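Chain by chain, the residues run as shown.
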Amino acid sequence: MPTDYTLGTLTVVGHDVDKLTQALGIPDDRFDDLVNLARKAWEHEDTISESIEYLADNAKGSELVLALVFFGRIWEDNQDDEDESE
């Protein structure tokens, strides 16, 4: 049974959906665009807070949430690469 969660302007549909994009109400065709936006944010700015501001300027609502998730994964991957090179 779907449950809706409203967080400010963001509504997250229940956990029984197949994809995160469906739960956040984002069209599937926006997925790659948001991954690329997160990569641009990582490469574009000098600090994490500047990168997050870049994301906030270029995505809103549910798309911002998903872009931040992707950004966090990029950050983790880069941390893992740094740990391996030490």
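Every chain's residues receive numbers from 1 upward, in the order its sequence appears when written. Totals for whole chains, interfaces and linings use all residues, but because this is a predicted model, local features are given only for residues with pLDDT of at least 70 and pairs of side-chain atoms are given and counted only at 80 or more. Side-chain numbers come from the whole structure's heavy atoms, not from hydrogens or water.

**Student:** Would you explain the pattern of salt bridges in this entry?
**Tutor:** When charged atoms on two side chains of opposite charge get close, those side chains can pair. Throughout this description, the term salt bridge denotes a Lys or Arg side-chain nitrogen within 4 Å of a carboxyl oxygen of Asp or Glu. Considering all chains together, one arrives at three salt bridges under this definition. Close ionic contact of Asp-33 with Arg-30 constitutes a salt bridge, the shortest N to O distance being 2.9 Å. By relative accessible area, which is 26% here, Arg-30 ends up partly exposed. Ionic pairing is found between Glu-76 and Arg-73, a salt bridge with its closest N-O pair at 3.7 Å. With Glu-76 and Arg-73 both in helix 4 (residues 61-85), this residue pair falls three residues apart, about one helical turn. For Arg-73, a relative accessible area of 53% puts it in the exposed group. What you see here is one network of salt bridges that share partners, running through Arg-30, Asp-33 and Glu-63. Here's how the labels work: a residue is buried when its accessible area is under 20% of the maximum for its type, exposed when over 50%, partly exposed in between, all with a 1.4 Å probe on protein chains only. By definition, any uninterrupted DSSP run of H or I lasting at least four residues is a helix, any uninterrupted run of E lasting at least two residues is a strand, and each is numbered from the N terminus.

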